[in-house]
Amino acid sequence: MAEIADDGGGGKKGKKKGGKKNSTKVDMTPMVDLGFLLITFFMLTTTMSKPKTMELNMPDKTITDEQQDVKASQTMTVIMGKDDQIYWFSGVTAKEAQEKDLLQKTDFSADGIRKLILDETKKIGYDQEKKLYKIIIVIKAAETAKYKNMVDILDEMHITGSKRYAIVGLDDTEKELIKKYEDG
Amino acid sequence: MPKVKVKRKGVSLDMTAMCDVAFLLLTFFILTTKFKPNEAMPVDTPTSVSDLPIPDADLITISIGKDNQIFFGVDAQPTREAILKKVAQEKGLTLNAKQVKNFMLMDNFGVSIAALPAFLNLEGPELSGFKQPGIPCDSLVNELSGWVMQARYANPKSRIAIKGDKATDAKIVSKVIATLQDQNINRFNLITGMEAKPMAAGL
């Protein structure tokens, strides 16, 4: 009788004393398994490197009065040919380059076109009045050039900090020149 | 000799911390992931040192594959519908609701207007197996010009991005650029991959 009373009166205290302690540990292995499975899935499907863009501004064709004459002595002409080759001449017109055989060959390596652009920029000089380098780089793509070359050369403009450049189509003299070089 | 009684110990270890990390990473990947869109034509873009991000909205994408086929795509679905309706009206095409819906679901396409109704009837495996020839962009038939024009009417805020493959001919890209310039579009973006900037260069 006393025991019963004790049980009832003691309430929780009494029960705890005699009750079996249940472990609160949960086996988390399957949960972790599932977690890592999903992580693997998302890691493999995700596209981490978001593509970037390069801004390109072309001159407005409708505005003609802004056109300025470009002195041949200040231009460097870069022609992209097949197999990632670059043909270039500087300070002369295409006609003169053809007559005097001034066309030279280079490539897209750091010691190639990048060094040449920097050298030519320094050679042509700095305009104190306008506060810019006088060089104008004329970029032309031959029929055999690839889009990659175009992006690469624009990249070189970006890397060397050349501000004055233009993408222009080839004229007949240059086509002839390139053909002669590419065919051997 | 009595055996030494080895006390067996449970090998269960506390996995709470590991679980926490796993789910933290999981949450991160779920939130940052953006599924690759199902592309009709894979384009392997060249890399550049430029690090401008692509505009998120109002983007017209002109993709050029390695075999010089031109694809056209607009990001927003309502704009797609508006463009298609305008072009269909102009060219006298009649398209049913299903064809319009199919068009709206396409990220980009590369067929001529004449072949468009038949192309929009394709579904599922037929569609993914179909090799799209590209949009004509010659001096004779320049349909790309028409699509770009309608896209700009439908959304005047749009920017134009050109996504060319490494092996695309520069000639074709120049042609696309010339097409855009004819419409007095002189600013556009070239989509490129990332590349590390070389040290010690510049003026």
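The structure displayed is predicted, hence computed values, not measured ones.

Student: I'd like a rundown of the overall build of chain A, residues and numbers included.
Tutor: Within chain A, the secondary structure is distributed over 7 helices and 8 strands. When the 184 residues of chain A are sorted by exposure, 26% land in the buried category. Taking the intrachain contacts of chain A between residues at least 6 apart in sequence as the baseline, contacts between residues at least 24 apart amount to 61%.

Student: Account for the overall build of chain B, naming residues and giving values.
Tutor: In terms of helices and strands, chain B carries 7 helices and 6 strands. Whereas a compact globule of 203 residues would reach a radius of gyration of roughly 17 Å, chain B reaches 25 Å, over 25% beyond that. For chain B, the spread of C-alpha atoms along the three principal axes comes to 100 × 60 × 30 Å. Here chain B, with 203 residues, has 29% of them falling under the buried criterion. Considering only residue pairs separated by 6 or more positions, chain B has 74% of its internal contacts joining residues 24 or more positions apart.

Student: An account of the interface of chain A and chain B is needed here, citing residue identities and associated values.
Tutor: Accessible area lost upon the coming together of the parts serves often as the stated size of an interface. Every contact between the two is made by 48 residues of chain A and, on the other side, 51 residues of chain B. Among the secondary structure elements, those contributing two or more residues to the side of chain A that touches chain B are α3 (29–45), β1 (52–57), α5 (110–124) and α6 (147–160) of chain A. Per-class residue counts for the side of chain A that touches chain B are 23 nonpolar, 14 polar and 11 charged. Note: β1 of chain A against strand β6 (residues 187–194) of chain B, 6 bridges, orientation antiparallel.

Student: Can you break down helix α6 (residues 143–154) of chain B residue by residue, with the values?
Tutor: All names here are of chain B. Along its 12 residues, α6 runs 17 Å from first to last C-alpha, staying within 8% of the 16 Å computed at 1.5 Å per residue. Among the residues of α6, those classed as buried are Glu143, Leu144, Trp147, Val148, Gln150, Ala151 and Ala154. Along the axis of α6, the buried positions cluster into a sector of 165°, meaning they face one direction only. For α6, the elements touching its buried residues are β3 (59–64), β4 (70–74), α2 (77–91) and α7 (170–182).

Student: Tell me about helix α7 (residues 172–182) of chain A, and please be specific about residues and values.
Tutor: Every α-helix carries 3.6 residues per turn, so stepping three or four residues along brings you back to the same face. All names here are of chain A. Inspection of α7 places Glu174, Leu177 and Ile178 among the buried residues, and these make up the whole buried set. Projected onto a plane normal to the axis of α7, the buried residues spread over an arc of 95° and lie on a single side. The exposed residues of α7 that point more than 90 degrees off its buried face are Asp172 and Lys180.

Student: Give a detailed account of the nonpolar core, specifying residues and quantitative values.
Tutor: Counting 60 residues, the largest nonpolar core has Met150 of chain A together with Val176 of chain B as the members making the most contacts within it. When neighbours within four sequence positions are excluded, Val176 of chain B is seen to be in contact with Ile62, Ile64, Ile70, Cys137, Leu144 and Ile162 of chain B.

Student: Pulling in residues and values, what's your account of the sheet that holds strand β2 (residues 75–80) of chain A?
Tutor: Residue and element names in this part refer to chain A. With mixed pairing, the 5 strands of this open sheet are ordered in space as β4-β3-β2-β7-β8. Taken across any chain shown, the strands that pair with only one partner, and hence form the sheet edges, are β4 (104–106) and β8 (165–168). Each strand axis lies, on average, 25° off the axis of its neighbour in the sheet, ignoring direction.

Student: With reference to specific residues and values, describe the environment of Gly81 of chain A.
Tutor: All names here are of chain A. As for its placement among the helices and strands, Gly81 is situated in the loop between β2 and β3 (86–90). A tally of 20 C-beta atoms within 10 Å means that Gly81 is categorised as buried. Counting along the chain gives 29 residues from Gly81 to Ala110, while the straight-line C-alpha distance between them is 18 Å. Excluding anything up to four places from it in sequence, Gly81 contacts Tyr87, Ala142, Thr144, Ala145, Ile178 and Glu182.

Student: Before we move on, could you go through unusual backbone geometry and cite the residues and values that matter?
Tutor: Outside of glycine, negative phi angles account for most residues, and trans bonds account for most peptide bonds. Residue and element names in this part refer to chain B. For Asn68, which is not glycine, the phi torsion reads 65° and is therefore positive. On the secondary structure map, Asn68 appears in the loop between β3 and β4. On the basis of neighbour count, Asn68 is assigned to the partly exposed category, with 18 C-beta atoms found within 10 Å. Even without a glycine there, the phi angle at Asn184 is positive, about 60°. Here Asn184 is to be found in the loop between α7 and β6.

Student: Explain the pairing of β6 of chain B to me, and be specific about the residues and the numbers.
Tutor: All names here are of chain B. Sheet analysis places strand β1 (residues 47–48) next to β6, joined by 2 bridges and oriented parallel. The residue of β6 that forms the bridge with Ser48 is Met194. One crossover worth recording links strand β5 (residues 159–164) to the parallel β6 by way of α7, and it is right-handed.

Student: Break down the pairing of β8 of chain A for me, with residues and values.
Tutor: Residues and elements named next belong to chain A. Bridge count between strand β7 (residues 136–141) and β8: 4 bridges; the pairing is parallel. In the strand pairing of β8, Val138 is matched with Ala166. In this fold, the crossover linking β7 to β8 by way of α6 has right-handed handedness.

Student: Can you tell me about the environment of Ile113 of chain B, naming the residues and giving the values?
Tutor: Residue and element names in this part refer to chain B. Along the polypeptide, Ile113 turns up in the loop between α3 (97–104) and α4 (116–121). The spacing of Ile113 and Val87 is 26 residues in sequence and 8.5 Å in space, taken between C-alpha atoms. Apart from the residues within four sequence positions on either side, Ile113 is in contact with Val87, Lys91 and Glu143.

Student: Could you give an account of the environment of Phe119 of chain B, naming the residues involved and the relevant values?
Tutor: Residue and element names in this part refer to chain B. Mapped onto the elements of the fold, Phe119 is located in helix α4. Judged by the 19 C-beta atoms lying within 10 Å of it, Phe119 is partly exposed. Linking Phe119 and Asn102, residues 17 residues apart in sequence, is a C-alpha distance of 9.6 Å.

Student: I'd like to hear about the confidence of the model for chain A, residue by residue, with values.
Tutor: All names here are of chain A. Across chain A, pLDDT averages 75, with 83% of residues at or above 70. At the level of individual helices and strands, chain A shows its lowest average pLDDT in helix α1 (residues 2–10), which scores 44, and its highest in α3, which scores 85. Contacts from residues 1–16, a stretch scored under 50 in pLDDT, to residues over four places away or in other chains number 2 contacts.

Parameters and conventions
- Residues numbered from 1 in each chain as written.
- Chains lettered and ligands numbered in written order.
- Predicted model: local features only at pLDDT ≥ 70, side-chain atom pairs only at ≥ 80, totals over all residues.
- Helix = DSSP H or I, 4+ residues; strand = E, 2+ residues; numbered from the N terminus.
- Buried ≥ 20, exposed ≤ 12 C-beta atoms within 10 Å, placed from the backbone.
- Contact = placed C-beta atoms within 7 Å.
- Rg over C-alpha atoms; globule rule 2.2 N^0.38 Å.
- Nonpolar A, V, L, I, M, F, W, Y, C, P; charged D, E, K, R; others polar.
- Pairing = 2+ DSSP bridges.
- Expected span 1.5 Å × (residues − 1).
- Arc of directions from axis to C-beta.
- Core = buried A, V, L, I, M, F, W, Y, C linked by C-beta atoms within 7 Å.
- Axes fitted to C-alpha atoms, helices over the stretch in contact; angles between N-to-C directions.
- Right-handed = clockwise from strand over helix to strand, strands pointing away.
- pLDDT = per-residue confidence, 0-100.

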